[in-house]
Structure formats: structure tokens, C-alpha cells
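# Reading the structure
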Amino acid sequence: MTLITQPPVDETPVATESTRPGNRRRIRADRVGLYGLLVIAALTAMLPLLWMLSGSLQSLTELLSNDSFLPADPQWQNYVTAWVQGDLGTYLRNSVIYTGCAVAGILIVSSLAGYALARLDFAGKGVFTVIILAVMIIPAPAMFLAQYKLLISLGLTNNPVGYVLILITSGIPMSTLIMRSFFVSQPRDLEEAAALDGAGPLRIFWSVILPLAKPGLAAVAVIQGLGAWNEYLMALVLFDDNALMPIQRGLTAFTSAETPQQQILLAATTISIVPVVIFYLMAQRHIVKGIGAGAIK
Amino acid sequence: MTTSSLSLAARRPIRAPRRKHSLRANLLGWLFLAPAIALIGIFTIVPFGQAILLSFQSWDGVSPDTPWVGLANYEFIASDPVFWASMRNVLFFGVVGFFVGNGVALAMALAVNRITRGKTFFRTVFYLPGVLSVVVVGLLFSFILAPGSGVLNRVLETIGLGGLQQNWLGDPSVALPAVAAVFVWFHWGFGFLLFLAGLQDVPKELYEAADLDGASPWAQFRYITWPHLAPVTSIVSLLTLLAALQIFGTVQVLTNGGPGYHTMVPTLAIFNEAFVNWRYGSAAAMSVVFGGALVLLSVLQLAITGRRSRA
């Protein structure tokens, strides 16, 4: 697969900066250009979100007519209206429960499987690895109908258990490979010491391996947590009952059923991203690590 | 994101040496794998087989009967203008995501890699849109791109570019590029993170040596940076492409495929065929054709990457 990309931006060698004082002005100009470019990109990323924040605090007339960006008189009650009208408390609670259960399930299942692939020696290991890789290739559009049909026959539509099981299953292949690559890179000494002390395999796994695996578990949890929180397709297919919907599904239900005013909808949307943005800002270190481990190694 | 670690096996095949395993070791191994096998078996492999089966059957989504209809579903979708419009449109998303999305991601990674102050800030901000959900992005941009009161049109008016105003999502000729632009806004942060991680692994000494030899910036990029980024590039390309080709929620919330079928995409076409038109059989046939194309693409990419890394 060939890739044609734009030529690199501004590649003046940095190393000459201090050695050639005569070039200082040119370098400063480069630097200004570089930061200018970055600031424009940052604004492009941020402005839609800042507009959402600002719009959510305006009255409808101000929102539709005003040319000024900031709300003249912040309408904090928009948030109250959105919260009550949109029943956001229910949706957020559902999302927290589904995401929490999905992440817990993924961590348990994929750390067990990842450990087996990294450390245990048994017949059929290669077969399972091939199966995991094959499963990762199957795209969601090829499966969601049949998954829906399966959940109907199991009586699990409109059912949190069915939804969480689907979330867990879709997270397993990638998480297993991340955990495997994490376990492979760990020293074996502690496990061997524990085995000499007479600990059984499950005991070793639970008391020695898992506590050591915290960084790997954190990376998997962050990546899969974001994925589960933002999942939409299966939630759309599976839930008719508003009381059971996660937030993404609840937001579209709110839009189509109530046709609320724009500023209320902006407030609802803002509320829905607060948890995930806070989570992202706290955990971004793990995101970088997790994406790197999942994709590159 | 699901296909990301595929290169792992392609590069380092796991070949257990052929020897007898004790019963105990085998039991233990499979015990650890049992939960994963059970879940993948029930919720992935069975539905995958079911999807293929269903594409040869007729099902209204309710009745327990699913009569066998042979190739009728495939014949039906072969002449379905909506499905083929969706395939053409998604090709456009793929091309834009691939070239523009990856281009922006690489350019910004190179830029951030060169600065000393504010690296964390830019990294945080650039990936921020990527943590939003498809629903939020869809809702937000349906307001921004709305005709008349839409904020983009008002901004264009304010800065004196009123002539550029469009009915961004309602005009057949601009709707598809507009939705593709939203896709790029939403997704380029992921490639950016991976490119940046890749750039930080390039040994600094190589650039210092190249500087001493008087290599031009372009030569340094061409002969140092680009080769070192090759594995990252092939993975980012595949993931961006797959994300673009499977786009669903953003389009459903933004335009619902409209105006007409001008922004229809395959996943949405499959969804509508099943849950709006109640024709699950032909929806399944669509998912087999489209899913098959995606699988083929992934396998092709893996084969190419695998051969390159063995060489």
C-alpha cells in the first residue's frame, strides 16, 4: 500500500540554531511559522467545541441571531432544562454501568488470555492466536445484523446483559494482544519465585502477575473505556426502552422524540461529553501508551 | 481500531516447537483461554456464519421462519441504486481520509516533534476531537453546517467571505465533501498520535550526522524520517481507511444519507435495509459483500506489510 503525503512542513535542521548566529533571524521566522501552523490546527480542533460550550449558554434568539461569540447573559438554566427534559441522569448512569462492566470484563478475560499466550506452553496456542487475528479482521458492518438476530433468540435485546456481552467480545482481541505484548516484556523471576514457594498457577496469576500488570491494564482500560462509552451502532440496534439506553443512544432519542430547542440540545451534548473529556485529560498518558502498544508493537 | 495488532503476527509468527505437552499444561492453557473462546465463539464466530447464512434467506425481522431464497438477495442488491451509491460514496471517504487525513496527521506530527515548548498541550488538543462520540460530532456539526443560521455561514459572512456560503448538508454537490471534512476533523488525531510516537523513536544521531554532511531538510525527511516511519505509516493508513469505510453514526446523525443518496454509506444502507425496509435478507447480503471487501483489503494490506518486513 503506497502512501502519498504532503511534503514535510518546515524542516530546517534545529541543530544549527545555536551554532550559526547569523541565521538567527531566519530561524526565528521559521519558529513563528511553525507555531502559527500549530495554533491554527489547535483552533480548528477546539473551535467547534468552544462554540458548543458558548451556544449552550445562550438564549435561542441570541444563538440564532447574534454575531458575537460569547453569551451576553449566560443562561445556566439551559443545563437544568436539558438535564431534566433529556433525562440525562438515567442515560449517564446507564453508560457508567455499561462501560464499567464492559471494561472489567475485558480486563479479566483479556489478561487471562494474554497471559496464556505469553507464558503458558500448551497445544493449540498457535491456533488460538490465528483465530484472534482472524476475528479482528471481521468488520462490524458484516456482523451487527446477525448479532442482533442472535440476541433476539437469546432473549437479550433491550437488555443490558446482551449489550455488555457484545461490548466485551468486541474488545477482547485487541486487548488480548496488548496484554500479551505487555506480559512478554516482563521478567519471569517473580513468577518463578512464587512457583518455588508453592503457589499454584491461578494464585500466581492473581497475586503476582495482575498487580505487576497495572500499567498494561490501565492502557487497556482507557482505550476500551473510551470505545465502550462512545459505542453507538449496537446501542441503536438493541435498545427501544429509553430507561435502558446509554448516553449516545439517549441523545439521539432526545433529538428525534422531543425536538428540543437548539440551545437545550447543545447543553445536553455538552453534558454528555463532560465525563469523557475529564477522563481523557486525566488518562491521556495511558491513551498514548495503549494506542502505541496496540498498534505498533 | 480492532485490526491494529495484526502486524504483530505478520512480523513475528508464533511457532510453538513441536513437542508433547502434558495434559496438565494443556488444561491450564485452555482454562485461561476459556472465557475468551466462549465469548468470541458465541458473539463473533456464530454471528459471522449466521450473517452469511441469512444472506441466502428471507427474513422480516419478526417471524421465526427464514425461508431459503438462494441468490435472490444478491440479485436484488446488484440492481439496488442505494447500495451502489453508498459504495461509491464510501470510496470517496476512504480516499479523503487516506490522503487528507493522513497528510494532516503526518504534517502535524512533524511540526509537534520539532518544537520544544507546548508539546503536551498540542498533543492533548489535537487528539481531543477523537475522544468524542459519533453522535456528538454529528449533532454538533449539523448545527455548525446548517444553512442560514449555521455558525459556519455566519462566520463566513462576518469575515467578508459571504460568497462562500453554502447549504453545506443540503446541496448535493457539497454535502459529500462537507461530511468528509467532518470525518477528517474527527479522526486525524489518532494518526497524529501514532506518527508522533513513531517520530520519537527515530535515533537523533542520524539527523546530526546528516546535518554534518549538509543534507537538505527534504533529503533528511526522504532518507531518514520516511523509512523509519514506514511501519507506522502502513498501520495508520490501514486503520484510517477502515475507519473511513465503516463510517456510520456521523453520517446517520448529520445527513441520514441525504440529500437523496448523496452521502449514503454502506453501513447506513445495511442498517436502513434491515431496520427501515424490514428486508433483513438483502441487508445481510449487503453486509456480506461489503464486509467481504473490507476483509479482502485487510488481508491484502497484511500480505504486503508482511512481505516488506520479511525482506
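By convention here, each chain's residues receive numbers from 1 onward along its written sequence. Chain A is the first chain written and ligand 1 is the first ligand written, with later ones labelled in order. Whole-chain, interface and lining totals are the exception, using all residues; otherwise, since this is a predicted model, local features are given only for residues with pLDDT of at least 70 and side-chain atom pairs are given and counted only at 80 or more. Side-chain measures here rest on the full set of heavy atoms in the structure, leaving out hydrogens and waters.

### Points about the pattern of salt bridges
Every case where a carboxyl oxygen of Asp or Glu lies within 4 Å of a side-chain nitrogen of Lys or Arg is listed as a salt bridge. If you walk through the whole model with that rule in mind, you get 2 salt bridges over all chains. The salt bridge involving Glu-191 of chain A is made with Arg-119 of chain A; its shortest N-O contact spans 3.2 Å. Taken together, the residues span a long stretch of sequence, with Glu-191 of chain A in helix H8 (residues 189–196) and Arg-119 of chain A in helix H4 (residues 88–119) at a distance of 72 residues. In this structure, Glu-191 of chain A and Arg-119 of chain A share a single accessibility class: buried. Glu-273 of chain B is the salt-bridge partner of Arg-279 of chain B, the closest N and O atoms lying 2.8 Å from each other. Here Glu-273 of chain B falls in the buried class, since its relative accessible area comes to 4%. Helix numbers and strand numbers start at the N terminus; a helix is a DSSP run of H or I with at least 4 residues, a strand a run of E with at least 2. We call a residue buried when its accessible area falls under 20% of the maximum for its residue type, exposed when it is over 50%, and partly exposed in between, using a 1.4 Å probe and counting protein chains only.

### Some thoughts on the side chain of Asn-153 of chain B
Residue and element names in this part refer to chain B. Structurally, the position occupied by Asn-153 is in helix H7 (residues 151–158). Counted as a polar contact is a pair of N or O atoms within 3.5 Å, where, for protein atoms, one must be capable of donating a hydrogen and the other of accepting one, and residues adjacent in sequence contribute only when both atoms are in side chains. Only 3.0 Å separates the side chain of Asn-153 from the side chain of Trp-168, close enough to count as a polar contact. Ignoring anything within four residues of it in the chain, the contact list for Asn-153 reads Ala-146, Pro-147, Gly-148, Gln-165, Gln-166 and Trp-168. Contact between two residues is taken to exist if any of their heavy atoms lie within 4.5 Å; hydrogens are not considered.

### Focus on the environment of Ile-204 of chain A
Residue and element names in this part refer to chain A. Summarising the element assignment, Ile-204 is placed in helix H9 (residues 201–212). Between the alpha carbons of Ile-204 and Pro-187 there is a distance of 14 Å; along the sequence they are 17 residues apart. Residues contacting Ile-204, with those up to four places away along its chain left out, are Glu-191, Ala-194, Ala-195, Ala-199 and Ile-209.

### Focus: a nonpolar patch on the surface
Residues and elements named next belong to chain A. Side chains of Val-39, Leu-43, Leu-47, Leu-50, Leu-53, Phe-69 and Leu-70 sit close together on the surface and give an oily, nonpolar patch of about 610 Å² of accessible area. Residue position: Val-39 is located in helix H1 (residues 24–55). Note on Val-39: relative accessible area 40%, which makes it partly exposed. Here a patch means residues that are over 30% exposed by relative accessible area and free of salt bridges, tied together within 9 Å if like-charged and within 5 Å if nonpolar (Val, Leu, Ile, Met, Phe, Trp, Tyr). Where accessible areas are quoted, they stem from the Shrake-Rupley method and a 1.4 Å probe; at the residue level, only the protein chains shown are allowed to cover.

### Quick notes on the nonpolar core
In plain words, nonpolar cores are sets of buried Ala, Val, Leu, Ile, Met, Phe, Trp, Tyr and Cys residues tied together by side-chain atoms within 4.5 Å. The biggest cluster of nonpolar side chains holds 185 residues, and the ones touching the most others in it are Phe-144 and Leu-145 of chain A together with Phe-93, Phe-126, Phe-192 and Phe-275 of chain B. Element by element, the count of residues in this core is highest for helix H8 (residues 172–200) of chain B, at 17 residues. The contacts of Phe-192 of chain B, once residues within four sequence positions are left out, are Ala-105, Met-108, Ala-109, Val-112, Arg-123 and Phe-126 of chain B.

### Observations concerning the interface of chain A and chain B
Facing 111 residues of chain A, the contacting portion of chain B comprises 118 residues. Interface of chain A and chain B: buried area, both sides summed, is about 10,500 Å²; carbon and sulfur atoms make up 76% of it. Inspection of the chain A/chain B interface yields 0 salt bridges. Counting across the interface, chain A meets chain B through 13 residue pairs in polar contact (both at pLDDT 80 or more). Per-element accounting of the side of chain A that touches chain B gives the leading share, 17 residues, to helix H13 (residues 262–295) of chain A. Buried area is calculated as the accessible area (1.4 Å probe) missing from two parts once they are joined, with the contributions of both summed.

### With respect to the packing of aromatic side chains
Geometry of aromatic contacts follows a simple scheme: Phe, Tyr and Trp rings, the Trp one being its six-membered ring, pair when their centres are within 6.5 Å, and the pair is stacked under 30 degrees between planes, edge-to-face over 60, tilted otherwise. For the structure shown, the criterion picks out 30 aromatic pairs over all chains. Judged by centre distance (5.8 Å) and plane angle (40 degrees), the ring pair of Tyr-115 of chain A and Phe-32 of chain B falls under tilted. Taken together, the positions of Tyr-115 of chain A in helix H4 and Phe-32 of chain B in helix H2 (residues 23–54) put the pair across two chains. Across the pair, Phe-32 of chain B and Tyr-115 of chain A agree in class, each one buried. Where Phe-126 of chain B meets Trp-188 of chain B, the ring centres are 5.1 Å apart and the plane angle is 55 degrees; that geometry is what we call tilted. With Phe-126 of chain B in helix H5 (residues 119–127) and Trp-188 of chain B in helix H8, this pair connects stretches of sequence that are 62 residues apart.

### Brief notes about the confidence of the model for chain B
Residue and element names in this part refer to chain B. A residue's pLDDT is simply how confident the predictor is in it, with values from 0 to 100. Summary statistics for chain B give a mean pLDDT of 87 and a share of 92% for residues scoring 70 or more. This stretch, residues 1–11, has a pLDDT under 50; its non-local contacts, to residues over four places away or in other chains, come to 38 contacts. Among the prediction metrics, the complex's ipTM stands at 0.85, with pTM recorded as 0.86.

### Some details on the confidence of the model for chain A
Residue and element names in this part refer to chain A. For chain A, per-residue confidence averages 85 on the pLDDT scale, and 87% of positions sit at 70 or higher. Within chain A, the element-level pLDDT minimum falls on helix H2 (residues 60–65), averaging 81, and the maximum on H4, averaging 95. Below pLDDT 50 for its whole length, residues 1–19 participates in 44 contacts with residues either more than four positions away or in separate chains.

### Some thoughts on unusual backbone geometry
In this model, Gly-258 of chain B is joined to Pro-259 of chain B through a cis peptide bond whose omega is -5 degrees. Inspection of the secondary structure assignment puts Pro-259 of chain B in the loop between helix H11 (249–254) and helix H12 (266–275). Non-glycine residue Asn-158 of chain A carries a positive phi angle of around 55 degrees. Checked against the element boundaries, Asn-158 of chain A lands in the loop between helix H6 (144–153) and helix H7 (160–184). If you check the backbone angles, Asn-256 of chain B has positive phi at about 50 degrees while not being a glycine. With respect to the element layout, Asn-256 of chain B can be found in the loop between H11 and H12.

### Some remarks on the packing of H8 of chain B against helix H10 (residues 217–245) of chain B
Residue and element names in this part refer to chain B. Where H8 contacts H10, the axes come no closer than 9 Å and their chain directions differ by 155 degrees. As judged from the angle between their axes, H8 and H10 are roughly antiparallel. By crossing handedness, the relation of H8 to H10 is classed as right-handed. From H8, Phe-183, His-187, Phe-190, Gly-191, Leu-194, Phe-195, Gly-198 and Leu-199 reach across to H10, where they touch Thr-225, Leu-229, Val-232, Thr-233, Val-236, Leu-239, Thr-240, Ala-243 and Ala-244. The residue classification treats Ala, Val, Leu, Ile, Met, Phe, Trp, Tyr, Cys and Pro as nonpolar and Asp, Glu, Lys and Arg as charged. All others, Gly included, are polar. Of the residues belonging to the contact of H8 with H10, the class tally is 11 nonpolar, 6 polar and no charged. To obtain each axis, a line is fitted to C-alpha atoms, and for helices this fit is confined to the stretch in contact; angles are then taken between N-to-C directions over 0 to 180 degrees. In this scheme, roughly parallel covers angles under 35 degrees and roughly antiparallel covers those over 145, while 65 to 115 is roughly perpendicular and the rest are oblique. Whether a crossing is left-handed or right-handed is set by the direction in which the near helix is turned from the far one by less than a right angle, anticlockwise for left-handed and clockwise for right-handed.

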